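The residues making up each chain are set out below.
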Amino acid sequence: MMDQLSIKALRAGPSGDEKDPNHANYDETKADPYGDLPDALTMKSGQKVTSAEQWWNQRRPEIVEDFAREVVGRIPPNVPKVTWTMKSTSDSKVGVFPVVQKELVGHVDNSECPSINIDIEMTLVTPGNAKGPVPVMIMFSSPAIRQFIANHPEFRKKMMGSDPLATEQLVAGGWGYALLDTSSIQADNGAGLTKGIIGLTNKGQPRRPDDWGALRAWGWGASRALDYLETDKSIDAKHVGIEGVSRYGKAALVTMAFDTRFAVVLVGSSGEGGVKPYRRNFGEEVENLTGSGGYHWMAGNFLKYGAAESSFGSKNASNLPVDSNELIALCAPRPTFISYGVPELGDAKWLDHRGSFIATVAAGPVFRLLGAKDLGINEDYHTAKMPPVNTGLLDGQLAWRQHDAGHTDAPNWKYFIPWADKFFNYQAAPWDFLPDQPVFRTDANSLIAHSRLLAKAKQGGIEVYFEGDSITRRWGALDYPDMLANWKRNFFGWNAADFGWGADRTQNILWRLQNGELDGVNPKVVVLLAGTNNLGSLLLPGHGSADDVARGLQAIVHVIQEKAPAATIIVMGIFPRNDNVAFTPMIDKINYSLSEFADGKKIRYLNINDKLADGNGKLFDGMMNERDKLHPNLKAYQVWADALEPGLAELLGPPAAVDHAPPPTGDPSAEH
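Let us look at the structure shown here. Being a predicted model, the structure only gives us computed values, none of them experimental.

What counts and how
Residues numbered from 1 in each chain as written. Predicted model: local features only at pLDDT ≥ 70, side-chain atom pairs only at ≥ 80, totals over all residues. Heavy atoms only, no water. Helix = DSSP H or I, 4+ residues; strand = E, 2+ residues; numbered from the N terminus. Rg over C-alpha atoms; globule rule 2.2 N^0.38 Å. Buried < 20%, exposed > 50% of the residue type's maximum accessible area, 1.4 Å probe, protein only. Axes fitted to C-alpha atoms, helices over the stretch in contact; angles between N-to-C directions. Parallel < 35°, antiparallel > 145°, perpendicular 65-115°, else oblique. Left-handed = near helix turned anticlockwise from the far one by under 90°. Contact = heavy atoms within 4.5 Å. Nonpolar A, V, L, I, M, F, W, Y, C, P; charged D, E, K, R; others polar. Pairing = 2+ DSSP bridges. Phe/Tyr/Trp six-rings, centres within 6.5 Å; stacked < 30°, edge-to-face > 60°. Lys NZ or Arg CZ within 6 Å of the ring centre and 35° of its normal. Expected span 1.5 Å × (residues − 1).

## Examining the overall build of the protein chain
Counting its regular elements, the protein chain contains 20 helices and 16 strands. Computed over C-alpha atoms, the radius of gyration of the protein chain comes to 29 Å, within 12% of the 26 Å expected from 2.2 N^0.38 for 672 residues, which places it in the range of a compact globule. Overall, the C-alpha framework of the protein chain stretches about 95 × 55 × 45 Å when taken along its three principal axes. For the protein chain, the proportion of its 672 residues judged to be buried stands at 58%.

The structure is reproduced here in C-alpha cells:
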C-alpha cells in the first residue's frame, strides 16, 4: 500500500507507555495543534447548511464520500450476495429468562473466488415471553473474546461491576440481541486483508487505496445481519441497533453512520478512529492507526496522513477532510449514545475522553437541525466542560455518559435500554416469575442501590442485618431522616444495618442475596420483612397464590441460612394494609405459613399485627401513612422496635456504648 501511494516512510505513532521517550501527550495545553474541527454544516463550497433538505441532499453525501475515500474505505460494487440459513432453533435461557435462540450462518457467494470461503456466524436470541416483534441489538463480538470472559470470572466481574450481563439486561428489558462474530467476516489483522470479505471481493489480491478496511467490513457484515432480521417476523426491524467496545466501538459508529437503517447505536470506548478527534494530539493519534497495528482497520488512503516522506510530501491530521464530529453527525437524528469509562480502572487516557466529549458536542448542531435533541450543552465545543463521572447527558437523541468502570460499556446498559425505549416508544411484555425465582430489577436506580449495598456489606461490623422492601428500607435510610433517627435510638450499639430496597418483591430480594449482599457479613441476627409487594400480582388470574409467596419467603430464609449459618433469623409477619380489602385474607394465609415454617429457635416468627390493626385487619389510627395505607408511620416503627427488643437483648446482650455498623445509605435517585 505504501508503494501504491508513493510513501517512503511513515511517522511512528506515540507510545502508550509514559516512560517511553516517544510517549503520548497528555498535556491539555498541547492537545490542539491542528486547528478547529471541520464544521459539519459548512459545505465544501463554503455555503452554510440551513435546512434538513440541504443536509440530506448535499452536505451529508459530501461527508460520506470523504470518509469512504480517505478514512474507512469504500464497499466495492461487486461485493457478493449473502444467503442466510438457520443451523438450529432452540428454547433456552439467558439467566432465568426463557428465550428462543437461533444459530444462523450467512454464506457469502464465493463462486468468483472458491479458495476464499466466508460463513458469517450469528447467534440471535429473543425473549420467550414476547407478544410481538421486539427490538434487537446487534453486538460485535468474537468467540475468542466470549471464551476469555467466560473463563475469567474475575475479569467479567471487574468489567460488569455488580450489574447483570448486558445480554441478561436486554432480555429482561424485552429486547433481543444478535452476537455477530467479526472474525467470520474479516480478520482483525493486516495479514487477513487478502482473505475474508475484503480478500474475496479482490479475489485474493491486495487492496487498492480507497478499498475498505476492517471497520467498514465489519459494518458491512452487520448490514447483512440486518438484511436477515428484516425477514424475521419476531424482530422489529425498524428498531435494530448496533453496539461495540474499543475497536468494535469504532466499527459500531461507522456502521451507524453509513447504514441509515440502523435505529440506535451504543459506542463504547472507541478512541481514535471512533469518537476521538483525529485533530487532537492527546493519547492515541493518527500515526497509531497508520502503523502496523491498526492500518487494516482503515482505507489504504488513510496512510497518507501518517506519511513522513512521500511523493506528495508530509501530511498529518490537519490535512484530513473530515473528523470524528462529522462521523457522529452522520448518525443524526437517530439515537446515538457515546459511552466511556475512567482511566483509573482501565479505560486509558489514551482514548482521550475529553476530546471525545468535544467531538460529541460539536456534532450537536446537526442533530438540532434535523429536529433531534443534542447533549444540551450551551457552550461552544472549545470550552464545553465534561460532566462529572456517572452524570449522564441523556435527555436527547445524542447522549453521553462516562461511567466509573474500565474499558467497557457494561455499566451503561442500564441507562441505554430505557433511553432507547423512550425514543422507540417501546414497552416490553412483563415477565411473570414465581416468588421463589431470583430475578434482578432492571431499573438503573435499583442496580445502583445494589452496588451500594454490596459496598456496605463489605464494610463489616454488622451484627443485626435487616432485609426487606420499602417498609424495611425507610426505617434506616438517609432520605427518611425522622425514621432514621428512630432507628438509631432503638438499635444504636447493636451494630444494625438496613439492606431493604423499595418495591422489591421476594424474587428481587432473593437475587440480591444470591449476588453478594450477604456474602461475608456473618451477622448474628437477620430480621426479614417482605412479601407485601407480591400481593398485587395475586389479584390477577393465573399469577400465583398466597402459598407461592410463602414459598418465596421460605426461599429467602434458606439463602440466609446458607450465607449466614450462625445467624438467628427473625421472620416478621407481613404487616396489615388497608389499600385493598382483598389483601387481608392473603396476608393472614401467608403469615400462617410462616408461623408453621419457623422452628422457634434459629428461625423465629414475630407477628405484631394485633398492635397495628384490629381483628378485622382495620388499621389503628396513626399507624400507617394516610395516603397509601401501607407504609408505617413512626408510631408503627416504634411498635416494631419494641417487639424486637427482647429478642435482640437475648441474642446480643445489652447495646454497647459504641456502634460499628456501616453508615446508612439512601435512595440514589434522591441525591440528584
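Following the structure, the description resumes.
## So, the packing of helix H17 (residues 546-563) against helix H18 (residues 583-597)
Where H17 meets H18, the axes come as close as 9 Å, and the angle between the chain directions of the two elements is 40°. The angle between H17 and H18 places the two elements in the oblique class. As H17 runs across H18, the sense of the crossing is right-handed. Here Ala546, Asp547, Val549, Ala550, Leu553, Gln554, Val557 and His558 of H17 lie close against H18, whose contacting residues are Met586, Lys589, Ile590, Ser593, Leu594 and Phe597. Residues of the contact of H17 with H18, tallied by class, amount to nine nonpolar, three polar and two charged.

## Section: the pairing of strand E15 (residues 568-572)
Burial of E15 is extensive: five of the five residues sit out of reach of the surface. By the alternation rule, side chains of E15 split into Thr568, Ile570 and Met572 and Ile569 and Val571, which are all buried. In this structure, strand E14 (residues 525-529) lies alongside E15, joined through four bridges in parallel fashion. Bridge assignment links valine 527 to a residue of E15, and that residue is isoleucine 570. By the bridge criterion, four bridges tie E15 to strand E16 (residues 603-606) in an arrangement that is parallel. The partner of isoleucine 569 across the bridge, within E16, is isoleucine 603.

## Here we look at the packing of aromatic side chains
All chains considered together, the criterion is met by 33 aromatic pairs. Between phenylalanine 466 and tryptophan 475 the ring centres are 5.9 Å apart and the planes differ by 80°, which places this aromatic pair in the edge-to-face class. Of the residues examined, phenylalanine 466 reaches a relative accessible area of 0% and is grouped as buried. With a centroid separation of 6.3 Å and 20° between ring planes, the pair formed by tyrosine 637 and tryptophan 640 is classed as stacked. Taken as a pair, tyrosine 637 and tryptophan 640 lie in helix H20 (residues 634-652) at a separation of three residues, close to a single helical turn. Grouping residues by exposure puts tyrosine 637 and tryptophan 640 together as buried. Aromatic ring contacts, followed pair by pair, group Trp175, Phe337, Trp413, Phe416, Trp419, Phe423 and Phe424 into a single cluster. Above the face of the phenylalanine 499 ring, lysine 456 is positioned so that its terminal group lies 5.2 Å from the ring centre.

## Comments concerning helix H7 (residues 247-258)
Look at H7: 17 Å from first C-alpha to last across 12 residues, which is about the 16 Å you get at 1.5 Å a residue. Every buried residue of H7 is accounted for by Tyr248, Gly249, Lys250, Ala251, Ala252, Leu253, Val254, Thr255, Met256, Ala257 and Phe258.

## Focus: the sheet that holds E16
In space, the five strands of this open sheet follow the order E13-E12-E14-E15-E16, with parallel pairing throughout. Two strands close off the open sheet at either side, each with one partner strand: strand E13 (496-498) and E16. Strand-to-strand twist of the sheet, defined as the mean angle between neighbouring strand axes without regard to direction, takes the value 20°. Its contacts with the sheet place helix H14 (residues 481-491) against strand E12 (464-468) and E13, and it is angled at close to 155° to E13.

Any functional reading would require information that these geometric values do not contain.
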